[in-house]
Amino acid sequence: MLSGQDPLVARPQLNAQLEGWLSQVQSTKRPARAIIAPHAGYTYCGSCAAHAYKQVDPSITRRIFILGPSHHVPLSRCALSSVDIYRTPLYDLRIDQKIYGELWKTGMFERMSLQTDEDEHSIEMHLPYTAKAMESHKDEFTIIPVLVGALSESKEQEFGKLFSKYLADPSNLFVVSSDFCHWGQRFRYSYYDESQGEIYRSIEHLDKMGMSIIEQLDPVSFSNYLKKYHNTICGRHPIGVLLNAITELQKNGMNMSFSFLNYAQSSQCRNWQDSSVSYAAGALTVH
C-alpha cells in the first residue's frame, strides 16, 4: 500500500538506511511492550525512530498494534483498515483478521475508506520500520493498524480499557505514532517562553515537559498539560489511549515504566519566520 516508488527499486536503499540507523543505537529497554515513535519522512526522523524500534524483541512479538492519528479525515472514534495486506518495500505485512473481528464486534470502530488508508502517513511510515525490526521472524507476526480520531478524554479512557487486555499480553507490541511540537506560522502555533533562551530551546523545554508527564504514565496530567499549553503533538490521542490502557493494567497490579530514549527537531527555530517539527522515541517496559 505504500504508493509512489516501485518497491523493488526503493528496497536496497531503504534497507541500508534502516540498518544504518538501527546499528547506531543501543537496546536498553528490551523487550518493549509499547513504543512511541515519530512518523515524518525518514530523512528527518529515521535516526530518532531507531531508538524506539531497537527495543523491539522479534523473538517474542507476534502481534503489532499500530495506533496512528488521523490527519486527513475528521474521526471521532477509531477506524480499522478494509484491506488484508499492507505492502512495504521490504515485504508484505498481514493484518490480523481475528483481532480485527474482535475489535469490530465491540461496535466502537468504523472502517477507513481505501482512499483514507492510502492518504494517511501516520501508520504508513511505521510499516517499513516494523518490517525491518521483525525481519528475523517475518512470517510469524501480524499487524493491527488502528486509525485514532480526535477522541474525547472519556473516549480515550474507553479505548484504553479495550486495548488494555491486549497490552497485558507479552506477545503483543503497541506502536504509537506521534510527532511532537509543530512550531511556526504554518502550523499556527508559536508558543514561546523567553526565559528558556532561543525559540528552539523553548520548544525543547515544552516538549520535554510533556515527555516527562508521559513518563509518569498519568493520562489526566497529560490532558491537563495539553489544555494548558496546546502543544501540537499530533499523536496526542493515540498517546492518551496508551496511557489509559496502562492505567487500567496498573490497577490490576502490573508494574510498568516508560522512558524516552531520544529527542530531535527538524531544524532549530531562532525567529518567527522559522518552523520546525519535534520527534521523540521511547519505550514501555513491563517489570
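Residues numbered from 1 in each chain as written. Predicted model: local features only at pLDDT ≥ 70, side-chain atom pairs only at ≥ 80, totals over all residues. Heavy atoms only, no water.

The protein goes by Protein MEMO1 in an unreviewed UniProt entry, where it is assigned to Vulpes vulpes. Heading Sequence similarities (unreviewed entry) of the UniProt record for the protein holds this comment: "Belongs to the MEMO1 family." (UniProt positions renumbered as here; feature names shortened; annotations may be inferred.)

A.B. asks: Where do I start with the environment of Pro-38 in this structure?
C.D. replies: Along the chain, Pro-38 falls in the loop between β1 (34-37) and α2 (42-53). Residue classification places Pro-38 among the buried positions, given a relative accessible area of 3%. It is 18 Å that separates the C-alpha atoms of Pro-38 and Leu-226, two residues lying 188 residues apart in sequence. Among all residues touching Pro-38, those that are not within four sequence positions of it are Cys-45, Cys-48, Ala-49, His-126, Ser-178, Asp-179, Tyr-279 and Ala-280. (Helix = DSSP H or I, 4+ residues; strand = E, 2+ residues; numbered from the N terminus. Buried < 20%, exposed > 50% of the residue type's maximum accessible area, 1.4 Å probe, protein only. Contact = heavy atoms within 4.5 Å.)

A.B. asks: It is not clear to me how the packing of aromatic side chains should be interpreted in this structure. Could you clarify?
C.D. replies: To describe a pair of aromatic rings, you give the distance between the ring centres and the angle between the ring planes. Here the structure, examined in full by the defined rule, presents 16 aromatic pairs. Aromatic side chains Tyr-53 and Tyr-129 sit 4.8 Å apart centroid to centroid with 5° between the ring planes, which places their arrangement in the stacked category. On the criterion of sequence distance, the pair formed by Tyr-53 in helix α2 and Tyr-129 in helix α6 (residues 127-133) is long-range, its members being 76 residues apart. Assigned by exposure class, Tyr-53 and Tyr-129 land together as buried. Clustering of aromatic rings is evident, with ring pairs tying together Phe-65, Phe-109, Phe-159, Phe-163, Tyr-166 and Phe-174. Across from the ring centre of Trp-104, 4.5 Å away, lies the NZ or CZ of Arg-111, which sits over that ring. (Phe/Tyr/Trp six-rings, centres within 6.5 Å; stacked < 30°, edge-to-face > 60°. Lys NZ or Arg CZ within 6 Å of the ring centre and 35° of its normal.)

A.B. asks: Even after reading the chapter, I still don't get α2, so can you show me in this structure?
C.D. replies: Quick reminder: α-helices carry 3.6 residues per turn. Residues three or four places apart thus point the same way. For α2, built from 12 residues, the straight-helix expectation of 16 Å at 1.5 Å per residue is missed by more than 12%, its first-to-last C-alpha distance being only 13 Å. Burial analysis of α2 places 9 of its 12 residues in the buried class, the great majority of the element. Along α2, the residues classified as buried are Tyr-42, Cys-45, Gly-46, Cys-48, Ala-49, Ala-50, His-51, Ala-52 and Tyr-53. (Expected span 1.5 Å × (residues − 1).)

A.B. asks: Hey, could you run me through empty space enclosed by the protein in this one?
C.D. replies: Any empty space left between the atoms is revealed when a probe the size of a water molecule rolls over them. Applying the stated rule across the entire model yields 2 cavities of 30 Å³ or more. Within this model, the largest cavity holds a volume of roughly 80 Å³. Lining the largest cavity are 10 residues, and of these Tyr-86, Asp-117, Glu-120, Ile-123 and Glu-124 lie nearest its centre. Of all the secondary structure elements, the ones that give two or more residues to the lining of the largest cavity are α4 (114-119) and α5 (121-124). Broken down by class, the residue content of the lining of the largest cavity amounts to 6 nonpolar, no polar and 4 charged. Empty space within the second largest cavity amounts to approximately 30 Å³. Forming the boundary of the second largest cavity are Leu-67, Phe-163, Leu-167, Phe-174, Leu-242 and Ala-245. (1 Å grid on protein atoms, 1.4 Å probe; cavity = no way out; pocket = protein on both sides within 12 Å on 5 of 7 lines; lining within 4 Å. Points joined across faces, edges and corners; volume = space filled by probe spheres on them. Nonpolar A, V, L, I, M, F, W, Y, C, P; charged D, E, K, R; others polar.)

A.B. asks: Whenever I open this one, the nonpolar core confuses me. Can you help?
C.D. replies: Note that soluble globular proteins tend to have their nonpolar side chains buried in a common cluster. Counting residues in each nonpolar core, the largest one holds 96 residues, and the members touching the most others are Tyr-53, Leu-103, Phe-109 and Phe-163. Residue contacts for Leu-103: discarding those within four places in its chain leaves Leu-80, Phe-109, Ile-144, Leu-162, Phe-163 and Tyr-166. (Core = buried A, V, L, I, M, F, W, Y, C linked by side-chain atoms within 4.5 Å.)

A.B. asks: Please clarify how the pairing of strand β2 (residues 63-69) should be interpreted in this entry.
C.D. replies: With respect to burial, β2 is a largely interior element, 7 of its 7 residues being buried. On β2, burial covers both faces: Arg-63, Phe-65, Leu-67 and Pro-69 on one face and Ile-64, Ile-66 and Gly-68 on the other are all buried. Here 5 bridges tie β2 to strand β8 (residues 172-177), and the two strands are oriented parallel to one another. Note on β8: the bridge partner recorded for Arg-63 is Asn-172. (Pairing = 2+ DSSP bridges.)

A.B. asks: In this structure, what is going on with the packing of helix α7 (residues 153-167) against helix α10 (residues 236-251)? I would like to understand it.
C.D. replies: What describes two packed helices is the angle between their axes and the distance between those same axes. It is the contact of α7 with α10, at a shortest axis distance of 7 Å, that shows an interaxial angle of 60°. In this view, α7 runs oblique relative to α10, as classed from their interaxial angle. Considering the relative orientation of α7 and α10, their crossing is right-handed. In contact with Glu-156, Gln-157, Phe-159, Gly-160, Lys-161, Phe-163, Ser-164 and Leu-167 of α7, α10 contributes Arg-236, His-237, Gly-240, Val-241, Leu-242, Asn-244, Ala-245, Ile-246, Glu-248 and Leu-249. Split into classes, the residues belonging to the contact of α7 with α10 amount to 8 nonpolar, 6 polar and 4 charged. (Axes fitted to C-alpha atoms, helices over the stretch in contact; angles between N-to-C directions. Parallel < 35°, antiparallel > 145°, perpendicular 65-115°, else oblique. Left-handed = near helix turned anticlockwise from the far one by under 90°.)

A.B. asks: Got a minute to help me understand the pattern of salt bridges in this structure?
C.D. replies: Two side chains bearing opposite charge may form a pair once their charged atoms approach each other closely. For the structure shown, the criterion picks out 11 salt bridges. Residues Glu-153 and Lys-227 are paired through a salt bridge, measuring 2.7 Å at the closest nitrogen-oxygen approach. Taken together, the positions of Glu-153 in helix α7 and Lys-227 in helix α9 (residues 219-229) put the pair 74 residues apart, joining distant regions of the chain. Classification of Glu-153 by relative accessible area gives partly exposed; the value is 39%. One network of salt bridges, with partners in common, ties together Glu-19, Lys-132 and Glu-135. (Salt bridge = Lys/Arg side-chain N within 4 Å of Asp/Glu carboxyl O.)

A.B. asks: Help me out: how do you make sense of the side chain of Gln-55 in this one?
C.D. replies: Position of Gln-55 among the secondary structure elements: in the loop between α2 and β2. Ignoring any residue separated from it by four or fewer positions in sequence, one finds Gln-55 in contact with Gln-26, Ser-27, Thr-28, Lys-29, Arg-30, Pro-31, Ala-32, Leu-261 and Ala-283.

A.B. asks: When you look at unusual backbone geometry in this model, what are you seeing that I'm missing?
C.D. replies: One can expect most non-glycine residues to show negative phi and most peptide bonds to be in trans. Residue Pro-31 follows Arg-30 across a cis peptide bond; omega there is -10°. Within the fold, Pro-31 resides in the loop between α1 (7-23) and β1. The backbone phi angle of Arg-188 is positive, close to 55°, even though this residue is not glycine. If you trace the backbone, Arg-188 turns up in the loop between β9 (182-183) and α8 (199-215). Phi is positive for His-230, which is not a glycine, with a value near 55°. Along the chain, the position of His-230 falls in the loop between α9 and α10.

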